[in-house]
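# Residue-level structure breakdown
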Number of protein chains: 6
Amino acid sequence: MAKMLLPIFFIFSFLFSSSNALDFCVADLTAPQGPAGYSCKKPEVVTTDDFVFSGLATAGNISNLIKAAVTPAFDAQFPGVNGLGISMARLDFAVGGVVPMHTHPGASEILVIIKGTISAGFVSSANKVYFKTLKTGDIMVFPKGLLHFQINAGQTQALAYVSFSSPSPGLQILDFALFGNDLPSDIIEETTFLDDAQVKKLKGVLGGTG
Amino acid sequence: MAKMLLPIFFIFSFLFSSSNALDFCVADLTAPQGPAGYSCKKPEVVTTDDFVFSGLATAGNISNLIKAAVTPAFDAQFPGVNGLGISMARLDFAVGGVVPMHTHPGASEILVIIKGTISAGFVSSANKVYFKTLKTGDIMVFPKGLLHFQINAGQTQALAYVSFSSPSPGLQILDFALFGNDLPSDIIEETTFLDDAQVKKLKGVLGGTG
Amino acid sequence: MAKMLLPIFFIFSFLFSSSNALDFCVADLTAPQGPAGYSCKKPEVVTTDDFVFSGLATAGNISNLIKAAVTPAFDAQFPGVNGLGISMARLDFAVGGVVPMHTHPGASEILVIIKGTISAGFVSSANKVYFKTLKTGDIMVFPKGLLHFQINAGQTQALAYVSFSSPSPGLQILDFALFGNDLPSDIIEETTFLDDAQVKKLKGVLGGTG
Amino acid sequence: MAKMLLPIFFIFSFLFSSSNALDFCVADLTAPQGPAGYSCKKPEVVTTDDFVFSGLATAGNISNLIKAAVTPAFDAQFPGVNGLGISMARLDFAVGGVVPMHTHPGASEILVIIKGTISAGFVSSANKVYFKTLKTGDIMVFPKGLLHFQINAGQTQALAYVSFSSPSPGLQILDFALFGNDLPSDIIEETTFLDDAQVKKLKGVLGGTG
Amino acid sequence: MAKMLLPIFFIFSFLFSSSNALDFCVADLTAPQGPAGYSCKKPEVVTTDDFVFSGLATAGNISNLIKAAVTPAFDAQFPGVNGLGISMARLDFAVGGVVPMHTHPGASEILVIIKGTISAGFVSSANKVYFKTLKTGDIMVFPKGLLHFQINAGQTQALAYVSFSSPSPGLQILDFALFGNDLPSDIIEETTFLDDAQVKKLKGVLGGTG
Amino acid sequence: MAKMLLPIFFIFSFLFSSSNALDFCVADLTAPQGPAGYSCKKPEVVTTDDFVFSGLATAGNISNLIKAAVTPAFDAQFPGVNGLGISMARLDFAVGGVVPMHTHPGASEILVIIKGTISAGFVSSANKVYFKTLKTGDIMVFPKGLLHFQINAGQTQALAYVSFSSPSPGLQILDFALFGNDLPSDIIEETTFLDDAQVKKLKGVLGGTG
């Protein structure tokens, strides 16, 4: 019977080699990038390892002032997610750790608490605060493009994973956007109503000039 | 000959009444809203006036502390844009006027200077500043979700129109998001590194509590 | 100074009440649903709890034959994700547990291993198998619509969280689709080449008729 | 063994009832419509007949001046396609039949010739003509929104089916848009450079006023 | 008068050469491919023949065990559909012919019966079967990503055309995905509950290893 | 304190260099183009000037027969809008100026009147005319793909800016599509019902052949 069925294989086989293009599009980080993402690696050189990433298996370095670390698995780190509408990151918190106020310009985020207790919140366009202390196992969703933050609210280290509705969500951290570049102090002051002393203090800390 | 051609009309006429649904979808602001926008008014009650809006024809009130006014023509004000992927707003500036640091979580923006001289800028996820003083007639594009601002850089009133790549771009003004609601001061300080005095001063000004 | 700045609030306040529509669209599960998702709850009744879900905090019941449980946080369970392009689920595995061969017709999936060792794989349109044993902390992505599975490959319970690129990814489990409904046995046999005895055995097990 | 496997069913059964929402969204033509399409019928009242349409099985009436008929299976006629990104229509041609110059504002079109010989063409934004006489079995694609037409080029009746990349492609027939409504003649003449006599002649034929 | 109107041409001519880019994007199969499809051929080398395909005009070879053939006109075969959101395929059936259980991970499908009688069905995420015998001229829609099949239900050859809501719908045939590659037999058995003898029998037939 | 905070910078700095890819995608007009737009310039060579365009600051040449000019700022002219879902154009009108009947196959349009009085209208798929005379400051929206036009209705020059819901909206001017290329006269006459003399007259004027 095997002999009789074999022609099936040949009938469909050309479909198999030609139609798989957009099952996935593992990023070729060296080729041109367009508005929809990176160019695809040739399917014939794609292996299982392109779809697996171990870079989130170890904690980021939290021996810093925010006592926290964000480790991304976006398309630039994990090329297998290119074109698939999803990506991840790992959040590690020491006691007192904080992921500062930030936005992802291109994606919504969903967070699951693996260890510890985290206070998280976002602010809507309508200027309303959605803020809660989350326990292990809780999940929370942060709508696309809105300011949000996460704080270790417990007395132990905390760990969370976050997923994004894009392989390239972007990350704009408020303090770096304001104080970590050459945006002139007077422009910052005019557009944020912050005092000059406050601006200069944080510029000093974050390496800003101007 | 007219008599002979008339049957064309009847052949196609049922198409005409049935297929126009998604040419447009003028918002019925009283009906359920979904992720793609408002429900549509019945096509038979839609008139030309649904596609025209005069609310941007007069200057906003710039007798305020920022010496500027933003007048929106989003779907909530101009229901004709619902579902069409576009909307507008008018920016008026007195001398010294400023549209403070803000984002649109759901849209890119394109600005055209009608009168005056405006300094405008945005900051990328990579923390780089794109900032320029624009003359009358210049246009500038602000990518979706990024912090940006506009400042009257001249010695006269200024006027600009901005368009958005969504009928519902949203608007998150940084100072209101931080200081104009009940987000607790200690949370603001932890997540922005601002000093307590600075936070409390701006909360006082902008009506924030907590 | 507070008195002077107060007019800012009034200038922008109408924006704040009108432009927040599509920041988020928490599902009103009782209202009409459309191709883009559920209708939105009125923003004024939305609270923080709409964006937080605790249903994944406890393990699913794994005292069953597959020795595994899938607990979803899709829009129907977690209305806050409606319209946001993302959702989650929790996978619990006893020793020997298996999430059987299935697809999500509407989403890509990303999986992170929290505890244990899981063998996971998918098959592409080109009929190629991408299969690997993953350790704690590894992540793997499964492209939209392709057959895939997860198996506890270790000697302990295992736990994973999966996220999806849609609030409503769907879930089609192969065995239920084939053997758990009234699809006639002869049709199944003709379209899958399975033997009649095999089909009837699994129909018996899974409650299929016809 | 059947007894042992039965728990699988209960583990997954709540998924089955909750997660099927966006597999499909059969249009409820009486409920609110939004930018993404019609509201969905409740899944429990959907039957196979919602996904089958027999309205294209019989030829349209070609005893008219264009000697052709277009029979649509858009969402308004075939509610099962709502939300699925696809629809169809049937084209019947007598000898000499013509589907006049038209656009589909919301979809690309693909045509397959079932009987006869059809000359078909479209014009690009770059003003270039793509025009060819097609034989039975040939297919041709017409990009979204561009002017196109089909003409029976043979000496027998012709039949074609067309599919669209939207359940609601729209159909704007040039002559009806110009001459079959109350668009004033002087406006038509100014915006098309057509002579007054030509405009009035076609208005007479197509029932236009103004 | 012709002389007077000529300047119109020059005013608009630069638009014509610059703005046609995304009218269409005929695939350059040799250039990089991205998540949205293939790179475009330069517009100046595109001809009408890029939009016409004759590969569906002749029946596929049905002298095989499934007594059926699927002939695709996806982007890889018909580059003109790239970027246009649509594609086609031809289905030929001998008496007794079957297109086996399969999914298209990236598209909905619409089918029209040209000759004969075809029984077609799909299974939803909710595990419900939508199954019907279709006559010539009937059309049926199959929602994206769901398992479906078509069977010649008559005593003559049958012919159908299917269209897809993507230029690259993908095609995953269940038996090839399970039995036509190196997916280990024990993994198949664990994830499908099929018996070892059944798995090995079909692996033998379809060329599977492992 | 600056010294203590500095480690923040290093923790996040690799994010900043890797995750900015899709904040924006300034077109590299010399690299491959795909269905979603042009390839991106490398972020490190992008400057503020890529996001600013001065080509709309001066009036187009209106000394022509239509007494009007359309000056585009689409992706081909203004590469900064590539991938951002928005673009603009400037419309200048002498007294009596007309932007003739046309469509944008790929975008909705929103128009703001800066100077003068403009009569503007569009025709829906349902063959209904939406037509109004607009004053300075009025805005009007034109749904995607529908025939529309603008006419200077006043006794002075007029100026308007239009924005589009795509960086590459396309522009199909009816008269050029019909009479400005090699579309054979008999085909035009069959598909538009225009008289032969009318067709030949306009072909003569607009440089058409055939």
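Keep in mind the model is a prediction, meaning the values are calculated, not measured.

So, on to the overall build of chain A. Along chain A, the regular secondary structure elements total 4 helices and 13 strands. With respect to the principal axes defined by its C-alpha atoms, chain A has extents near 80 × 40 × 35 Å. Taking the intrachain contacts of chain A between residues at least 6 apart in sequence as the baseline, contacts between residues at least 24 apart amount to 67%. Counting only carbon and sulfur atoms, one obtains 58% of the accessible surface of chain A, whose full area is about 6300 Å². Taking the 13 positively charged and 16 negatively charged side chains of chain A as two groups, their mean positions are separated by 9 Å.

The two copies are related by a screw operation: chain C maps onto chain A through 180 degrees of rotation and 0.0 Å of translation along the axis, at an RMSD of 0.0 Å. Expressed as a symmetry operation, the mapping of one chain copy onto the other fits a two-fold axis. Measuring from the rotation axis to each C-alpha of chain C, the shortest distance belongs to Ser-165 of chain C, at 2.8 Å. When the interface residues of chain C are mapped onto chain A, 100% of them are again interface residues, pointing to one common binding face.

Attention shifts here to the state of the cysteines. All names here are of chain F. Under the counting rule described, the total for this entry stands at 6 disulfides over all chains. Between the sulfur atoms of Cys-25 and its disulfide mate Cys-40 the distance is 2.1 Å. Here Cys-25 and Cys-40 share a disulfide; its torsion about the S-S bond, -100 degrees, makes the bridge left-handed. With Cys-25 in the loop between α1 (2-18) and β1 (33-34) and Cys-40 in the loop between β2 (37-38) and β3 (52-53), this pair connects stretches of sequence that are 15 residues apart.

Before going further, it helps to examine the sheet that holds strand β11 (residues 148-152) of chain E. All names here are of chain E. The 5 strands lie next to each other as β9-β8-β11-β6-β13, forming an open sheet whose pairing is antiparallel. Each of the sheet's edge strands pairs with one partner strand only, and the pair in question is β9 (129-134) and β13 (172-173). Bridging between strand β6 (residues 98-103) and β11 involves 3 bridges; their strand directions are antiparallel. When the bridges of β11 are listed, Val-98 appears paired with Ile-151.

All right, on to the domain arrangement of chain A then. Under the domain assignment used here, chain A contains domain 1 (66-170) and domain 2 (177-206). A C-alpha centroid distance of 26 Å is found between domain 1 of chain A and domain 2 of chain A.

Okay, the environment of Ile-173 of chain F next. As for its placement among the helices and strands, Ile-173 of chain F is situated in strand β13 (residues 172-173). Expressed as a C-alpha distance, the spacing of Ile-173 of chain F and Leu-147 of chain F, which sit 26 residues apart in the sequence, is 9.1 Å.

Looking now at the interface of chain E and chain C. Contacts between the two partners involve 41 residues from chain E, matched on the other side by 41 residues from chain C. Taken together, the two surfaces of chain E and chain C that pack against each other cover about 3800 Å², and 61% of this comes from carbon and sulfur. The largest per-residue losses of area from chain E upon contact with chain C belong to Gln-172, Thr-191 and Phe-193 of chain E, which jointly make up 16% of the total buried on that side. The tally of links from chain E across to chain C stands at 2 salt bridges. Among the salt bridges present, the one from Lys-201 of chain C reaches Asp-195 of chain E, with a minimum N-O distance of 2.8 Å. The tally of links between chain E and chain C comes to 20 residue pairs in polar contact (both at pLDDT 80 or more). Those elements that provide at least two residues to the side of chain E that touches chain C are β6, β9, β11, α2 (174-179), α3 (185-192) and α4 (196-206) of chain E. Of the residues forming the side of chain E that touches chain C, the biggest block, 5 residues, is contributed by α2 of chain E. Grouping the amino acids of the side of chain E that touches chain C by side-chain chemistry returns 23 nonpolar, 12 polar and 6 charged.

Let us look at the confidence of the model for chain A. Of the residues in chain A, 90% have a pLDDT of 70 or more, and the chain-wide mean is 91. Between residues 13-20 of chain A, whose pLDDT stays under 50, and residues either more than four places distant or in other chains, the model counts 21 contacts.

Residue and element names in this part refer to chain A. Of all the positions in helix α4 (residues 196-206), only Gln-198, Val-199, Leu-202, Lys-203, Val-205 and Leu-206 are classed as buried. Along the axis of α4, the buried positions cluster into a sector of 160 degrees, meaning they face one direction only. Phi turns positive, to about 85 degrees, at Gly-207, one or two residues after α4.

What follows deals with helix α3 (residues 185-192) of chain F. In an α-helix there are 3.6 residues to a turn, and that puts residues three or four apart on one side. Residues and elements named next belong to chain F. Of all 8 residues in α3, 6 are buried; the element is thus mostly enclosed. Of all the positions in α3, only Ser-185, Ile-187, Ile-188, Glu-189, Thr-191 and Thr-192 are classed as buried. With its phi angle positive at about 65 degrees, Phe-193 sits one or two positions after the end of α3.

All names here are of chain F. Taken N-terminus to C-terminus, the directions of α3 and helix α4 (residues 196-206) make an angle of 125 degrees; their axes are 10 Å apart at the nearest point. As the angle between them shows, α3 and α4 are arranged oblique. Every pair of crossing elements has a handedness; the one defined by α3 and α4 is right-handed. Where α3 abuts α4, its residues Ser-185, Ile-188 and Glu-189 lie against Asp-196, Val-199, Lys-200 and Lys-203. Classifying every residue of the contact of α3 with α4 by side-chain character gives 2 nonpolar, 1 polar and 4 charged.

Taken as a whole and judged by the stated rule, the model has 36 salt bridges over all chains. The partner of Asp-49 of chain B in a salt bridge is Lys-132 of chain F, with the nearest N and O atoms 2.4 Å apart. Of this pair, Asp-49 of chain B sits in the loop between β2 (37-38) and β3 (52-53) while Lys-132 of chain F sits in strand β9 (residues 129-134), on two different chains. Salt-bridge contacts for Asp-196 of chain F lead to Lys-200 of chain F; the nearest nitrogen and oxygen are separated by 3.2 Å.

Here we come to the arrangement of the chains. There is no contact between chain A and chain D; across them, the least C-alpha separation is 17 Å. One finds no contact between chain C and chain F; the C-alpha atoms of the two approach each other to within 17 Å at their closest.

So, on to the sheet that holds strand β10 (residues 139-142) of chain E. The 6 strands are arranged β3(D)-β10(E)-β7(E)-β12(E)-β5(E)-β4(E) in an open sheet whose pairing can be described as antiparallel. Both outer strands of the open sheet, β3 (52-53) of chain D together with β4 (68-73) of chain E, are each paired with one neighbouring strand and no more. As judged from the 6 bridges shared by β4 of chain E and strand β5 (residues 87-93) of chain E, these two strands associate in the antiparallel manner. Across the sheet, the residue bridging to Thr-71 of chain E is Arg-90 of chain E, located in β5 of chain E.

Residues and elements named next belong to chain A. Per the UniProt record, "binding site: Mn(2+)" (unreviewed entry) is found at His-102, His-104, Glu-109 and His-148. These residues run over 47 residues, yet every pair of their C-alpha atoms falls within 11.9 Å of each other. Among residues more than four places away in sequence, those in contact with His-104 are Glu-109, Lys-144, Gly-145, His-148, Phe-164, Pro-169, Gly-170 and Leu-171. By secondary structure assignment, the location of His-148 is in strand β11 (residues 148-152). Among all residues touching His-148, those that are not within four sequence positions of it are Pro-100, Met-101, His-102, Thr-103, His-104, Glu-109, Gly-121, Phe-122 and Phe-142.

Cut-off values and rules
Residues numbered from 1 in each chain as written. Chains lettered and ligands numbered in written order. Predicted model: local features only at pLDDT ≥ 70, side-chain atom pairs only at ≥ 80, totals over all residues. Heavy atoms only, no water. Helix = DSSP H or I, 4+ residues; strand = E, 2+ residues; numbered from the N terminus. Contact = heavy atoms within 4.5 Å. Areas by Shrake-Rupley, 256 points an atom, 1.4 Å probe, with all protein chains shown as cover. Lys, Arg positive; Asp, Glu negative; His and termini not counted. Charge placed at Lys NZ, Arg CZ, Asp CG, Glu CD. Least-squares fit on C-alpha atoms with pLDDT ≥ 70 in both. Disulfide = S-S within 2.5 Å. Pairing = 2+ DSSP bridges. Domains from an automatic or database assignment. Buried area = accessible area lost by both parts, 1.4 Å probe. Salt bridge = Lys/Arg side-chain N within 4 Å of Asp/Glu carboxyl O. Polar contact = N/O pair within 3.5 Å; in protein donor to acceptor, adjacent residues only side chain to side chain. Nonpolar A, V, L, I, M, F, W, Y, C, P; charged D, E, K, R; others polar. pLDDT = per-residue confidence, 0-100. Buried < 20%, exposed > 50% of the residue type's maximum accessible area, 1.4 Å probe, protein only. Arc of directions from axis to C-beta. Axes fitted to C-alpha atoms, helices over the stretch in contact; angles between N-to-C directions. Parallel < 35°, antiparallel > 145°, perpendicular 65-115°, else oblique. Left-handed = near helix turned anticlockwise from the far one by under 90°. UniProt positions renumbered as here; feature names shortened; annotations may be inferred.

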